[in-house]
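# Analysis of the macromolecular model
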Amino acid sequence: MNDREFHRGSIVWGLIFIVLGVLFLLDQLDVLDLKAVYILPVVLIVIGATFLVSGAISHRRSD
Amino acid sequence: MSDERPPDDERDRPEEAGPSVGPTTAAELPPAEPTRRPLPLSRLILGLVLVAIGVIWLLEALDVVSFSLLAVLPGALIVVGIVLIAAARTGRHSPLIILGVILTVILTLASSLDIRLQGGVGERTERPATLADVQSEYRLSVGQLTIDLTSVDFSTSPNPRVTASVGIGQLEIRVPKDARVVAVAHAGAGQVMVFGREESGFDVDLTARRPPGFELQAGTGVLRLDLSVGLGQIEVRAP
């Protein structure tokens, strides 16, 4: 990877952490009421989608 | 075994190591540019976040500030995310990703179980002797909190109310033998025992009155207890 190229994984993880951090902050401020039954599936979906998208992009680049 | 290798300090000085065999000598080479090592951003941010959490936790334990430690962790998670994006050019930054995942797991558990880390750590017993000594709130982050109210006469107070919470651990309340009490207890996960009634599991709510079935009227000196643990046990009993 070129030094000047952005590392996609860091950006995706960064976005995930920012979104989750905001949600948890709102939960601590009692604006939202987060439950594990809502959070965990969303986290799994996001991580799974990340793998799918990065896998598809890598496959396309290798062609 | 003979040791013919020159000492380390001589090997580190090629210009003094003897005649050169190549077409150019070391003295003719242009001075090597000092290589700039990249800033260890992951380590710096990791250290910064840990120091910040430790300082806030310490200040909270010393009663200098009073708020839930868990209110700080979402901010730390956001900082980790911003730094990951800002430093995306310089590599993967696995330590930061691991820190973010750990913070996410802690916050998920805390949010799911309604854990509030507030009020220190350890084993604490509160035994107020009079009504004036009774605090309206008792908090403990992790450990065992015992509140012994058996010496207090609540009959002269119009609306006595005590709120107590433990983040992770055990909360035990002892009420006077003849007091009329309404206890509202909640556990994110664990066991709740109030005047002989018992519930356990996740998201446990239990409300009980003592003596059972008394008429609840405003201004009658009924002690109201609002109790919660995130993860652990609540017990309310009379002698």
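Residues numbered from 1 in each chain as written. Chains lettered and ligands numbered in written order. Predicted model: local features only at pLDDT ≥ 70, side-chain atom pairs only at ≥ 80, totals over all residues. Heavy atoms only, no water.

### Observations concerning the nonpolar core
Which entries qualify depends on this criterion: In these notes, a set of buried Ala, Val, Leu, Ile, Met, Phe, Trp, Tyr and Cys residues joined through side-chain atoms within 4.5 Å is what counts as a nonpolar core. Relative accessible area decides the class of each residue, using a 1.4 Å probe on protein chains only: under 20% of the type maximum gives buried, over 50% gives exposed, and in between gives partly exposed. Only DSSP runs of H or I reaching four residues or more are called helices, and only runs of E reaching two or more are called strands; each is numbered from the N terminus. By definition, residues are in contact when any of their heavy atoms lie within 4.5 Å.
Counting residues in each nonpolar core, the largest one holds 30 residues, and the members touching the most others are Leu171(B), Ile173(B), Leu225(B) and Leu227(B). Sorting the residues of this core by element identifies strand S2 (137-148), strand S3 (161-174), strand S4 (181-194), strand S5 (197-210) and strand S6 (223-237) of chain B as the ones contributing at least two each. Apart from residues lying up to four places away in sequence, Leu171(B) is in contact with Leu145(B), Ile147(B), Ala164(B), Ser165(B), Val166(B), Leu227(B), Ser228(B), Val229(B), Gln233(B), Ile234(B) and Glu235(B). Ile39(A), Leu84(B), Ile97(B) and Ala110(B) belong to the second largest nonpolar core, which has 27 residues in total.

### Some details on the packing of helix H1 (residues 8-28) of chain A against helix H3 (residues 73-86) of chain B
Two numbers describe a pair of packed helices, the interaxial angle and the distance between the axes. Rule in force here: Each axis is a line fitted through C-alpha atoms, and for a helix only the stretch in contact is used; angles between axes span 0 to 180 degrees, taken between their N-to-C directions. The scheme is simple: roughly parallel for angles under 35 degrees, roughly antiparallel for over 145, roughly perpendicular for 65 to 115, oblique for anything else. The crossing is said to be left-handed when, going from far helix to near helix, the turn is anticlockwise and less than a right angle, and right-handed when the turn is clockwise. Think of it as three bins: nonpolar holds Ala, Val, Leu, Ile, Met, Phe, Trp, Tyr, Cys and Pro, charged holds Asp, Glu, Lys and Arg, and polar takes everything else, Gly as well.
With their axes 7 Å apart at the nearest point, H1(A) and H3(B) run at an angle of 160° to one another. Viewed along their axes, H1(A) and H3(B) adopt a mutual orientation that is roughly antiparallel. You can see that H1(A) and H3(B) cross each other, and the crossing is left-handed. The class makeup of the residues in the contact of H1(A) with H3(B) is 16 nonpolar, five polar and no charged.

### Observations regarding the pattern of salt bridges
Residues and elements named next belong to chain B. Counted only if it meets this: Any Lys or Arg side-chain nitrogen located within 4 Å of an Asp or Glu carboxyl oxygen qualifies as a salt bridge.
Under the definition given, this model contains nine salt bridges over all chains. Among the salt bridges present, the one from Arg-174 reaches Asp-148, with a minimum N-O distance of 3.7 Å. Taken together, the residues span a long stretch of sequence, with Arg-174 in strand S3 and Asp-148 in strand S2 at a distance of 26 residues. Look at Arg-174 and you get partly exposed, because its relative accessible area is 23%. When salt bridges that share partners are traced, they join Arg-127, Asp-148, Glu-172, Arg-174, Glu-235 and Arg-237 into one network.

### Section: the sheet that holds S4(B)
Residue and element names in this part refer to chain B. The line we're drawing: Two strands are counted as paired when DSSP detects at least two bridges linking them.
Reading across from one edge, S1-S2-S3-S6-S4-S5 is the order of the six strands in this open sheet, with mixed pairing throughout. The open sheet has two free edges, formed respectively by strand S1 (121-126) and S5, since each of these has just one partner strand. With strand direction ignored, the average angle separating the axes of adjacent strands in the sheet is 10°. Strand direction decides the pairing type here: S1 and S2, joined by six bridges, are parallel. Opposite Arg-124, over in S2, you have Leu-145 as the bridge partner. In this fold helix H4 (residues 94-113) packs onto S4, S5 and S6, with an angle of close to 150° to the strand it touches most, S6.

### Here we look at the side chain of Ser157(B)
Residues and elements named next belong to chain B. Its location among the elements puts Ser-157 in the loop between S2 and S3. Its relative accessible area of 14% is what places Ser-157 among the buried residues. Here Ser-157 is in contact with Leu-131 and Gly-221, once residues within four sequence places are set aside.

### Section: the environment of Ile173(B)
All names here are of chain B. Relative to the helices and strands, Ile-173 resides in strand S3. With relative accessibility at 1%, the residue Ile-173 sits in the buried group. In sequence terms Ile-173 and Leu-145 are 28 residues apart; their C-alpha atoms lie 8.5 Å from each other. If we skip the residues at most four places from it in the chain, Ile-173 touches Ile-147, Leu-149, Ala-164, Leu-225, Leu-227, Glu-235, Val-236 and Arg-237.

### Quick look at the confidence of the model for chain B
Keep in mind that low pLDDT regions are not for reading the predicted coordinates in detail. Residue and element names in this part refer to chain B. Stated formally: A residue's pLDDT is simply how confident the predictor is in it, with values from 0 to 100.
This prediction gives chain B a mean pLDDT of 78; 78% of its residues lie at or above 70. This stretch, residues 1-22, has a pLDDT under 50; its non-local contacts, to residues over four places away or in other chains, come to four contacts. Scored by ipTM, the complex comes to 0.73, with pTM at 0.60.

### Comments concerning the pairing of S2(B)
Bridge count between S2(B) and S3(B): 11 bridges; the pairing is parallel. Bridge pairing in S3(B) places Val142(B) opposite Ile168(B).

### So, the interface of chain B and chain A
How large an interface is tends to be reported as the accessible area lost when its parts come together. Formally: Two parts lose some accessible area (1.4 Å probe) when they are put together, and adding that loss for both gives the buried area. Throughout this description, a polar contact denotes any pair of N or O atoms lying within 3.5 Å of each other; where both atoms belong to protein, one of them has to be capable of donating a hydrogen while the other can accept it, and for residues adjacent in sequence the pair is counted only when both atoms sit in side chains.
Taken together, the contact pairs 28 residues of chain B with 25 residues of chain A. For the pair chain B and chain A, the summed buried surface comes to about 2,300 Å²; carbon and sulfur atoms form 67% of the total. Taken together, chain B and chain A are joined by zero salt bridges. Scanning the region where chain B abuts chain A turns up zero residue pairs in polar contact (both at pLDDT 80 or more). Elements that contribute at least two residues to the side of chain B that touches chain A include exactly H3 and H4 of chain B. Ranked by residue count, the leading element in the side of chain B that touches chain A is H4(B), at nine residues.

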